[in-house]
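So the chains spell out like this:
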Amino acid sequence: MIPHSALFNKAKDRNYVADPAQAPTEDYHDIVDELEKEGEWIVHRVPDPAIEVKNKYNRTKKIPVEKTWHHKSCGQCGHIPGYSTAVFWINRQLGLDHHDPSDQTSCTAWNYYASATSNAAAQAAVAMRNFAAAHETGYYPIIHCATSFGHYKETRQQLIHNPELRRQVKKILEKLGKKLIMPEEIVHYSEWVHAMRDRIAERQVVDMSGLRATIHPACHYHKLIGEDAIYAPEVYGAQRSAIITSLLQTLGIDVRDYSTWYDCCGFGFRHILVSRDFSRSFAVQRKIEVMKEEADPDILISHDTGCVTTLDQSQFAGRAHDRNVGLPVMSDSQLAALAMGAHPYKVLQLHWHSTDNKPFLEKLGIDHRRAWAEFEAVTDEIRSGKREYLTWEDCDV
Amino acid sequence: MSAQPPATPGRLDLSGRQYAHVDYDEKERLFEEVKGDLRFDEYLYGCYECGICVASCPSARFYDFSPRKIAQTMAREDVDLFYVFLNDSVWDCSQCFSCDVCPRKNSPGGVITVMREVAVKNGLASAAEALEGYGRVVYKIMSTGTQVSPDMLSANAFPDWGPHVEEIAKNLDVWRRALPPETMHTTETSWQVDDKTIIELYLIWHMTGVMDMIKEVDEGLFMILQDVMEEKLEDAGYDVSFD
Ligand code: SF4
Ligand code: SF4
């Protein structure tokens, strides 16, 4: 029988701390190291200084501060470019050494999950080619897309457990003149933002204390090989992944809960491209409307290519159907950059987003009309041939 | 005999009648191919038939779709029912892996990934149909190394995303140059990818048999990709044929 005292315990009295010794999964660190000892691959070590955080089962994960090799996302760079620009801009403002490579392909996992026109060996070879390319530069891979991140974790799992796959991929990489390199940790940029949140907050120039926000964590971040995601006792008592929420709270934002937090965004990989009725309906009915009804947020912050795309772009059709929409969406990197004073159009590139974000900027006291005029002055100069590009120097604060 | 239409439109017909004309041996061959995949043993350990995966599944809310039924069918080795799901259900999955919450440690979404691959590899008509309209995306990722490029944003392709898409398309070249990262001034790819990198990607496709899969579901796309890749590989000094 359940003792009464257990039923009437207040939440604050329950302090769940995961015991790594009781974890239901093996520790990938041990196996990755073991396979290095056996000569199966070279482990790319996280460069110092690293920040130590905890994963789902309270094991330590190391996050590099700098010397980072930015594994970009095709959906972010292609359709929401302010997302990646914001990551680079924060690195630059904090004076951190980082590298934006052109010797990088997409992880190709969007296609793998959408069309299945690939296989385990091809996917692992693409991943390991990118990891080898990073290792050659001396910079440590940091993954911008949650699907790339999830897929690479899956690939690591498959390589760990299948000697035959390892041999096959090793042979392919040899033909490309590359070695088999496994990073010590697979790191998502949001984890870096989480680890750097205090330094970001030190540079905060925009007061965000009056803001209400909801967040959506990417399925491929915390569900796919879910043990390798960051958890922290100060965020939902370590019962939900800490990324995004931790940043927002550090910036003084009121993060509000809603009942479909765990639900996916409706992206669907193939659905967003060829079957969007599903994506639109799910995003609007299971996420946006629920957030608006239950949490009344000013902004929705997410951290993946597909989630930001689906949750933002789906609202236009929702409006046509008189649904309760109109919630601006951006990434944690964009919000962090905005807090540090980044330009809403030169850096955040908000004109690539769909849902109106002007009321949100106004609430923060940001003059978006002036900012847009400044951006247009640059594009006019590009059009007239007076200048070729917008540069980083144009974006410094 | 040709396939019969489902009993009720929108409802999954689990009777198997619609595939009664397909040899059991053929269904079993495909079933064994799924089971023989190196990922399968980590994706399915049995099934409690508890339905926890369904509770977390976005596709189950909108389609007549159930990861439980798929996991259960695979665990029970029901070959006839497997064939129904292989054709009529797997493409509804969102591949979100919410179902990884399974208490049996299954990944029904992972089982579905493998089933889809087997459907593609064997050129099933249902797979070709599911991928209709998707060819340009496959072309982009396989030939350029990045998937959804800036130049894919057009009002025709995304009429439901709002007027800003047309605005982006109109200003594409200038707006790409108004991005501070030097690698992102591109319009045909999401960032600038080195030629050497592309060659390495083509060699990976070649060595892993991915092009054979494309050939099974879309011969026209295969031929276009073959032309592009063989020419580039030849220029780089590789004598490689995808035939
Ligand atoms: S796959 Fe897992 S969650 Fe789904 S019904 Fe079977 S045991 Fe339950
Ligand atoms: S991966 Fe597929 S089956 Fe699993 S929860 Fe997502 S949509 Fe449902």
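Bear in mind the structure is a predicted one, so any value in this text is a computation, not a measurement.

Rules used in this analysis
Residues numbered from 1 in each chain as written. Chains lettered and ligands numbered in written order. Predicted model: local features only at pLDDT ≥ 70, side-chain atom pairs only at ≥ 80, totals over all residues. Heavy atoms only, no water. Near = heavy atom within 4 Å. Helix = DSSP H or I, 4+ residues; strand = E, 2+ residues; numbered from the N terminus. Nonpolar A, V, L, I, M, F, W, Y, C, P; charged D, E, K, R; others polar. Disulfide = S-S within 2.5 Å. Buried < 20%, exposed > 50% of the residue type's maximum accessible area, 1.4 Å probe, protein only. Axes fitted to C-alpha atoms, helices over the stretch in contact; angles between N-to-C directions. Parallel < 35°, antiparallel > 145°, perpendicular 65-115°, else oblique. Contact = heavy atoms within 4.5 Å. Pairing = 2+ DSSP bridges. pLDDT = per-residue confidence, 0-100. Expected span 1.5 Å × (residues − 1). Arc of directions from axis to C-beta.

Chemist: Any details on the site of ligand 1? Residues and values, ideally.
Modeler: Residues and elements named next belong to chain B. Around ligand 1, a shell composed of 14 residues is seen, among which Cys47, Tyr48, Cys50, Cys53 and Cys102 lie nearest. Counting residues per element, the ones that place at least two in the shell around ligand 1 are α3 (52-56) and α5 (67-76). For the shell around ligand 1, the per-class residue count stands at 9 nonpolar, 2 polar and 3 charged.

Chemist: For the state of the cysteines, give the residues involved together with the corresponding values.
Modeler: Residue and element names in this part refer to chain A. Under the defined criterion, the tally for this structure stands at 0 disulfides over all chains. No disulfide involves Cys107; its nearest neighbouring cysteine sulfur is the one of Cys145, lying 5.8 Å away. Residue Cys107 is classed as buried on the basis of its relative accessible area of 5%.

Chemist: Give me the lowdown on the packing of helix α7 (residues 108-121) of chain B against helix α12 (residues 210-217) of chain B, citing residues and values where you can.
Modeler: All names here are of chain B. For the pair α7 and α12, interaxial distance at closest approach is 7 Å and the crossing angle is 70 degrees. In terms of their interaxial angle, α7 and α12 are classed as roughly perpendicular. Across the interface between the two elements, Glu117, Val120 and Lys121 of α7 pack against Met213, Glu216 and Val217 of α12. Residue composition of the contact of α7 with α12, by class: 3 nonpolar, no polar and 3 charged.

Chemist: Break down the sheet that holds strand β4 (residues 68-71) of chain A for me, citing the residues and quoting the values.
Modeler: Residue and element names in this part refer to chain A. With parallel pairing, 3 strands are arranged side by side in an open sheet as β5-β4-β6. Edge positions in the open sheet fall to β5 (98-99) and β6 (140-143), since each of these has one partner strand only. Bridge count for β4 against β6 is 4 bridges, and the pairing is parallel. When the bridges of β6 are listed, Trp69 appears paired with Pro141. Sitting on the sheet, helix α6 (residues 120-137) touches β4, β5 and β6, and the angle it makes with β4 is about 150 degrees.

Chemist: How would you explain the confidence of the model for chain B if you had to name every residue and give the values?
Modeler: Predicted coordinates in regions of low pLDDT should not be interpreted in detail. For chain B, per-residue confidence averages 93 on the pLDDT scale, and 96% of positions sit at 70 or higher. For this predicted complex, the interface confidence comes out at an ipTM of 0.93, alongside a pTM of 0.95.

Chemist: Provide a residue-level description of helix α13 (residues 219-235) of chain B, including the pertinent values.
Modeler: Turn by turn, an α-helix covers 3.6 residues, leaving residues three or four places apart pointing in a common direction. Residues and elements named next belong to chain B. An ideal rise of 1.5 Å per residue puts 24 Å on 17 residues; α13 measures up with 24 Å between its terminal C-alpha atoms. Within α13 the residues assigned to the buried category are Leu221, Phe222, Leu225, Gln226, Met229 and Leu233. Axial view of α13: buried residues confined to an arc of 130 degrees, hence all on one face. Counted as exposed and oriented over 90 degrees from the buried face of α13: Asp227, Glu231, Glu234 and Asp235. Elements in contact with the buried residues of α13: α9 (135-144), α11 (195-208) and α12. One or two residues past the end of α13 sits Gly237, with phi positive at roughly 90 degrees.

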